[in-house]
Amino acid sequence: MREAVRVVLEGLAVSVAGLGIGLAANAMSPKGLKVSKNYFPKLALAHPVGQPKATMPSGTQDPLHPEASASAHASQEPQVSPANPSADSTQVDPVHQHLHEIGLNTLPHEEVAQMHSDPRTQVNAFLFIDARDDAHYQAGHIPGAYQLDHYYIDRYIDQVLPLAMNAEKVVVYCNGGECEDSEFAAIELRNRGLDPSRLFVYPGGLEAWRQHGLAVERGARGSGDLNGGAQ
Amino acid sequence: MSSGPEAMSYTPTREARQSSLLRQWDATGVPSLLARLIVGGLFIYMGFNKTQDPVGFLKLIREYQMIPQGMPVLLNVLAVTLPWLEVLCGVLLIAGVAVRGTAGLLVTMLVGFTAIIAVRAVDIYQSTGQAFCQIAFDCGCGTGVVNICFKLFVENTGLLLLSLVALWSRSRKFCLRWSLVPGRRAG
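Residues numbered from 1 in each chain as written. Chains lettered and ligands numbered in written order. Predicted model: local features only at pLDDT ≥ 70, side-chain atom pairs only at ≥ 80, totals over all residues. Heavy atoms only, no water.

*Asks:* Whenever I open this one, the overall build of chain B confuses me. Can you help?
*Replies:* For chain B, the count of helices and strands is 7 helices and 2 strands. For chain B, the residues scored as buried account for 43% of the 187 residues in total. Within chain B, contacts between residues at least 6 apart in sequence are counted, and of these 63% link residues at least 24 apart. Surface accessibility of chain B: about 9400 Å² in total, with carbon and sulfur atoms responsible for 67%. (Helix = DSSP H or I, 4+ residues; strand = E, 2+ residues; numbered from the N terminus. Buried < 20%, exposed > 50% of the residue type's maximum accessible area, 1.4 Å probe, protein only. Contact = heavy atoms within 4.5 Å. Areas by Shrake-Rupley, 256 points an atom, 1.4 Å probe, with all protein chains shown as cover.)

And the structure:
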């Protein structure tokens, strides 16, 4: 028994030492996390007042919310839109549905592509934000998109937030599929005061962008190093 | 128990002399050393991989949904400390410092990790109908996407058995400081 107690105490001592080393290493590392931060935030209000439809200049109606309603609940049955038959469309897509349930607007690929080709994108009236980390961003992003890695948000927010505040529409994306980074980056922007009516998440993400054969920009923003074609 | 210089090495008592072959083999120090090197080396490798991507590890452990939503600090602390704890345990085992305590800690961690990985694999099996031994995912173990059957029944079981060897062993050979308890110096 005495030996067992000794072993347990020894293990606890090692655990405490490991805890201390880990916290110290995290504090000193440029990749360190802020221990007190919630990296997976939720919106304070799931259905904010005045949340609009996810519409485009073309007037395409958001099939999941045909009428903007502050009291809309998740139990409302989503409607299938025949106008958006694309693979990443809003047709009862669980990702779109989830984002709507938590109070975020979404855009299907066709509308995102149309926005990107609009001249207003050149003057950041339509702002594209890539929510991924450096490696993924550098490997390829939507041309002209700004980076906003919400895990290290302090590095980007001072540049991105003023642009977002002045933009007519802000589109946030990540890889697509099960990637949640765009959701959390959008919530960070909302929590910093961005008008929810001007903020959209592109659930299809870069995966959908590439699948539609659109060019991606490699390296830094504005590098001009474009690489097109579907994956 | 012998004392003085004789205590510098493992000296079997009269009872130990009459013990099983396992104890005699353990007395050589070889089984413990092998177990410590293998387990220690793997934990240094796996832990170090995770220290290089704290965000990736944070996302992975979140997927297990073991930490309540309202406790982000606990999740963050786990994400930043667990990899370094693994590295530390690996270093201590290889160096032969606090061997039994470290081995005991690793046994505890391995049992816990194996259980939660198994639970997640069963969830995937039940929700997708996929054959259990075809299930593969990144378990946050520091080795990327792995086949779960291999992970559970080969890798983790093997590491657990080797950790138990280190825990059970009384050999103080090839150790810098077998025990942290003052007065019980290793030879």
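*Asks:* Is there a simple way to explain the overall build of chain A in this structure?
*Replies:* From N to C terminus, chain A includes 7 helices and 7 strands. Reading chain A from its N terminus to its C terminus gives the helix and strand order α-α-β-α-β-α-β-α-β-α-β-α-β-β. Relative to its 231 residues, chain A shows a buried fraction of 49%. Once local pairs closer than 6 in sequence are excluded, the contacts in chain A between residues at least 24 apart make up 64%. Just so you have it, chain A exposes about 10700 Å², and 56% of that area is on carbon and sulfur atoms.

*Asks:* Hey, could you run me through the environment of Gly219(A) in this one?
*Replies:* Residue and element names in this part refer to chain A. With respect to the helices and strands, the residue glycine 219 is situated in the loop between β6 (216-217) and β7 (226-227). Assessed through its relative accessible area of 17%, glycine 219 is described here as buried. C-alpha separation for the pair glycine 219 and histidine 141, spaced 78 residues apart in sequence, amounts to 8.4 Å. Ignoring anything within four residues of it in the chain, the contact list for glycine 219 reads Tyr137, Gln138 and His141.

*Asks:* Before we go on, may I ask you to explain the packing of aromatic side chains in this structure?
*Replies:* The relative placement of two aromatic rings is captured by the distance of their centres and the angle of their planes. Counting across every chain of the model gives 4 aromatic pairs over all chains. Centre to centre, the rings of Tyr39(A) and Tyr151(A) are 5.6 Å apart; their planes meet at 20°, and the pair counts as stacked. Here Tyr39(A) is found in the loop between α1 (2-28) and α2 (94-101), whereas its partner Tyr151(A) is found in the loop between β3 (146-147) and α5 (157-166), with 112 residues between them in sequence. Ring plane angle 75° and centroid distance 6.2 Å describe the contact between Tyr125(B) and Phe132(B), whose orientation is recorded as edge-to-face. The exposure class assigned to Phe132(B) is partly exposed, which follows from its relative accessible area of 22%. Here the basic side chain of Arg155(A) rests over the ring of Tyr152(A), its NZ or CZ set 4.3 Å away from the ring centre. Cation over ring: Arg120(B) sits above Phe137(B), and NZ or CZ is 4.4 Å from the ring centre. (Phe/Tyr/Trp six-rings, centres within 6.5 Å; stacked < 30°, edge-to-face > 60°. Lys NZ or Arg CZ within 6 Å of the ring centre and 35° of its normal.)

*Asks:* In this structure, what is going on with the side chain of Lys50(B)? I would like to understand it.
*Replies:* All names here are of chain B. Within the element layout of this structure, lysine 50 appears in helix α3 (residues 30-51). By relative accessible area, lysine 50 is classed as buried at 8%. Every residue in contact with lysine 50, bar those within four places of it in the chain, is listed here: Phe57, Pro83, Glu86, Gly140, Cys141 and Gly142.

*Asks:* What should I look at first to understand the side chain of Thr51(B) in this one?
*Replies:* Residue position: Thr51(B) is located in helix α3. Here Thr51(B) falls in the buried class, since its relative accessible area comes to 12%.

*Asks:* In this structure, what is going on with the confidence of the model for chain B? I would like to understand it.
*Replies:* In low-pLDDT regions, the fine details of the predicted coordinates are not to be read closely. Residues and elements named next belong to chain B. Confidence along chain B averages 88 in pLDDT terms, with 88% of residues attaining 70 or more. Model confidence for chain B, summarised as mean pLDDT per element, is weakest for helix α1 (residues 14-17) at 64 and strongest for helix α5 (residues 72-95) at 97. Interface confidence for the predicted complex, given as ipTM, is 0.83, next to a pTM of 0.80. (pLDDT = per-residue confidence, 0-100.)

*Asks:* Quick question: what am I supposed to make of the interface of chain A and chain B here?
*Replies:* One frequently used descriptor of interface size is the decrease in accessible area upon assembly of the parts. Opposite the 31 residues of chain A that make contact, chain B presents 31 residues. For the pair chain A and chain B, the summed buried area comes to about 2600 Å², and 69% of that belongs to carbon and sulfur atoms. It is Glu10(A), Val14(A) and Phe40(A) in chain A that bury the most area against chain B; as a group they hold 22% of the surface buried on that side. Between the two partners, chain A and chain B, sit 3 salt bridges. Glu180(A) is the salt-bridge partner of Arg62(B), the closest N and O atoms lying 2.7 Å from each other. Taken together, the links from chain A to chain B amount to 11 residue pairs in polar contact (both at pLDDT 80 or more). Within the residue set of the side of chain A that touches chain B, elements represented by two or more residues are α1 and α6 (181-191) of chain A. For the side of chain A that touches chain B, the leading source of residues is α1(A), giving 16 residues. (Buried area = accessible area lost by both parts, 1.4 Å probe. Salt bridge = Lys/Arg side-chain N within 4 Å of Asp/Glu carboxyl O. Polar contact = N/O pair within 3.5 Å; in protein donor to acceptor, adjacent residues only side chain to side chain.)

*Asks:* Would you mind going over the packing of helix α4 (residues 54-63) of chain B against α5(B) with me for this structure?
*Replies:* Think of two packed helices as two axes; the pair is described by the angle between the axes and how far apart they sit. All names here are of chain B. Two numbers describe how α4 lies on α5: the axes approach to 9 Å, and their chain directions differ by 120°. When the interaxial angle is binned, α4 and α5 end up oblique. Along this stretch, α4 crosses α5, giving a crossing that reads as right-handed. Facing α4, whose interface residues are Phe57, Leu58, Ile61 and Arg62, α5 presents Leu75, Asn76, Leu78, Ala79, Leu82 and Pro83. Here the residues of the contact of α4 with α5 sort into 8 nonpolar, 1 polar and 1 charged. (Axes fitted to C-alpha atoms, helices over the stretch in contact; angles between N-to-C directions. Parallel < 35°, antiparallel > 145°, perpendicular 65-115°, else oblique. Left-handed = near helix turned anticlockwise from the far one by under 90°. Nonpolar A, V, L, I, M, F, W, Y, C, P; charged D, E, K, R; others polar.)

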